[in-house]
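Residues per chain, in single letters:
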Amino acid sequence: MISLHRANFLNTPSLSGTPTGSTHLPRRSPVVVRVAVGPSTGRSGDGNGVVLTQEVREGVAAASAVDLIETSTVTVGGVEDVYGEDAATEDQLVTPWALSIASGYSLLRNPRHNKGLAFSEKERDAHYLRGLLPPTVVSQELQIKKMIHNIRQYQVPLQKYVAMMDLQERNEKLFYRLLMDNVEELLPVVYTPTVGEACQKYGSIFRRPQGLFISLKEKGRVLEVLKNWPHRNIQVIVVTDGERILGLGDLGCQGMGIPVGKLSLYTALGGIHPSACLPVTIDVGTNNKTLLSDEFYIGLRQRRATGQEYAELMHEFMSAVKQIYGEKVLIQFEDFANHNAFDLLAKYGSTHLVFNDDIQGTASVVLAGLIAAQKLARKSLADHTYLFLGAGEAGTGIAELIALEISKQTNISLEEARKKIWLVDSKGLIVNSRMESLQHFKKPWAHEHEPVKGLLDAVKTLKPTVLIGSSGVGRAFTKEVVEAMATFNERPIILALSNPTSQSECTAEEAYTWSKGRAIFASGSPFNPVEYNGKTFTPGQSNNAYIFPGFGLGLIISGAIRVHDDMLLAASEALAAQVTEEHFAKGLLYPPFKDIRKISAHIAANVAAKSYELGLATRQPKPDNLMKYAESCMYKPAYRAYR
């Protein structure tokens, strides 16, 4: 049996404007149309037709509803039938679907259109809301004031997270407006560090689906699963397989909290419309024994699939995404384990618009901080010696982008630029003598040097000016390590990037105290200001949320078809340019998050300009003012007046 896809219906009604197509619905009374479609394989009769019944409220002529369907042979309910399945003869078996303009109780349960107590008197009459709401009418501003007050009553961060997710499922515009207006306070709630705990307990707090779960059970049917999603104009997909969630390890299917959280930020910070965002979790099992024995675990109860079985499911997913959403949909890989992260980026980088935030996003935001730090440290990027603790996807990604920027600034070769950067992994300093045993992504960083076992010995031997942690090992930057950095650097740059807070290589207080207030510090998770010797230090947060929302917006507004390293450099330079003298005076390497929408627009404009320069943009003609164009394209969650 062929069934008409629900997406053809769910995007049809628009209470803030006319429905898609040329037909206008009656002004007041919503029409309920029941459409039976999808002929069975056992055909009887000839030709195709549409079986309809309709219910029209308050005297609207039945002909109006019929006209709604019959104005075009390729539409049902005023929407083009994408699959050509809008007809069946009366004696064919059909699959019934129900369509209704959101009104009354259903309108209050529709998160996209619900305004709660903000519905006006006129709207309450027009949409059958009388009696379903208390009599008072309030503004969105008052709703925001009430919600932030309520959220502040919770003492436990996870409770705040659940309250925010409940709001998102109830009133989408209010959720995004609340997040935008209180971004510095609520970012740690909807994203790191709280999202890490949310993923760990996702099975217990799971309420309703917020994305697509594609498991091995759906192998061979991934395209069909994608068609179950109610929106078709998808521009950004964030996908994870849950194997390396933050610094917490394999959380399997419960890693869905990451794509959901990332896409909330794509909307709130980057202005991508919520309906254009699709969170996806690829569930191939988990090796986490605790989850496999947890009765509340919501994923496949089996050990992780690997090898050909894994590769085939991922390839089917990537092919299906391109088939249904086109070449310009951005696919962001998130929290894949190292071995898969690099392979997927290499495999699909030349055929799809793909971006790995752990490798490329982290690198871009760290590079922006280092560009900004040049002024504080009074050294150029090429003058520094860099030492990384952690040689996974984040560490090597950051290292490569730093080398690219040094090469660009100094006109030396990339290979020569790499020699300024050293990496330490679990086995010690990465050197030439270890070449044969190294994973492929570590080999470019194997320099000529005698073996060095621990981080402290590497610091004392190499005397780096920049120490970067991406290891996921909490408190790995010990007092001895930080003090050693401070002995041969007037202003040591220390970046403790691992998330969540518990995995940070050191705290802000430790960095400032052990360096006697001389460290230039930033971290992946937020830390409160620190007072040392009568001076207040405000630690910067090297948060990927500075980069990926604006980066994605830039790709979308230019119609880019591929991601190029020069676009990442452009994003870094745009972010660093937003750091002012006032910020430097406070020791900040990044601008405040309260300005993030403006920052994202600047990044988007820079990335789009680079896309046009590289010949990778398809949206023509190029806008005269990319900054203004980026701002004009951003989603704004203000309530609309309904007729």
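Residues numbered from 1 in each chain as written. Predicted model: local features only at pLDDT ≥ 70, side-chain atom pairs only at ≥ 80, totals over all residues. Heavy atoms only, no water.

### So, unusual backbone geometry
Next, step 1: Residue Pro-500 is bonded to the preceding Asn-499 through a cis peptide linkage, with omega at -10°.
Next, step 2: When you line up the elements, Pro-500 lands in the loop between strand E15 (493-496) and helix H21 (508-514).
Next, step 3: Cis rather than trans, the peptide bond between Gln-620 and Pro-621 has omega equal to -5°.
Next, step 4: Relative to the elements of secondary structure, Pro-621 occurs in the loop between helix H25 (596-613) and helix H26 (626-633). (Helix = DSSP H or I, 4+ residues; strand = E, 2+ residues; numbered from the N terminus.)

### Observations regarding the UniProt feature "active site" (unreviewed entry) in the chain
Next, step 1: Mapped onto the present numbering, the UniProt feature "active site" (unreviewed entry) falls at Tyr-191 and Lys-262. The named residues occupy 72 residues along the chain; their greatest pairwise C-alpha distance, 7.3 Å, places them in one compact cluster.
Next, step 2: Note that Tyr-191 resides in the loop between helix H8 (183-190) and helix H9 (194-200).
Next, step 3: Discounting residues that sit within four places of it in the chain, Lys-262 has contacts with Tyr-191, Val-238, Gln-332, Glu-334, Asp-357, Asn-544 and Phe-548. (UniProt positions renumbered as here; feature names shortened; annotations may be inferred. Contact = heavy atoms within 4.5 Å.)

### A few points about the packing of aromatic side chains
Next, step 1: Under the criterion given, the structure shown has 15 aromatic pairs.
Next, step 2: With 6.3 Å between their ring centres and 75° between their planes, Phe-206 and Phe-213 make a pair best called edge-to-face.
Next, step 3: With a relative accessible area of 31%, Phe-206 lands in the partly exposed category.
Next, step 4: Exposure remark for Phe-213: the relative accessible area of 25% places this residue in the partly exposed category.
Next, step 5: Residues Tyr-546 and Phe-593 carry aromatic rings whose centres are separated by 4.2 Å and whose planes lie at 20° to one another, so their mutual orientation is stacked. On the criterion of sequence distance, the pair formed by Tyr-546 in the loop between strand E19 (540-541) and helix H22 (548-558) and Phe-593 in the loop between helix H24 (581-585) and H25 is long-range, its members being 47 residues apart. (Phe/Tyr/Trp six-rings, centres within 6.5 Å; stacked < 30°, edge-to-face > 60°. Buried < 20%, exposed > 50% of the residue type's maximum accessible area, 1.4 Å probe, protein only.)

### Describing the sheet that holds strand E11 (residues 386-389)
Next, step 1: In spatial order, the strands read E13-E12-E11-E14-E15-E16-E19; together these 7 strands make up an open sheet with mixed pairing. For this open sheet the edge positions go to strand E13 (428-429) and E19, each flanked by a neighbour on one side alone.
Next, step 2: Taken together, the 2 bridges between strand E16 (residues 520-523) and E19 define a ladder with parallel strand orientation. Note that in E19 the partner of Ser-523 across the bridge is Gln-541. (Pairing = 2+ DSSP bridges.)

### Observations regarding the pairing of strand E14 (residues 466-469)
Next, step 1: The two faces of E14 match: Val-466 and Ile-468 on one face and Leu-467 and Gly-469 on the other face are all buried.
Next, step 2: Here E11 runs beside E14; their pairing, made up of 4 bridges, is parallel. What sits directly across from Tyr-386, in E14, is Val-466.
Next, step 3: Pairing of E14 with E15, which is carried by 4 bridges, proceeds in the parallel orientation. Paired with Ile-468 across the strands is Leu-495, a residue of E15.
Next, step 4: Crossover handedness for the path E14 to helix H20 (residues 479-487) to E15: right-handed. (Right-handed = clockwise from strand over helix to strand, strands pointing away.)

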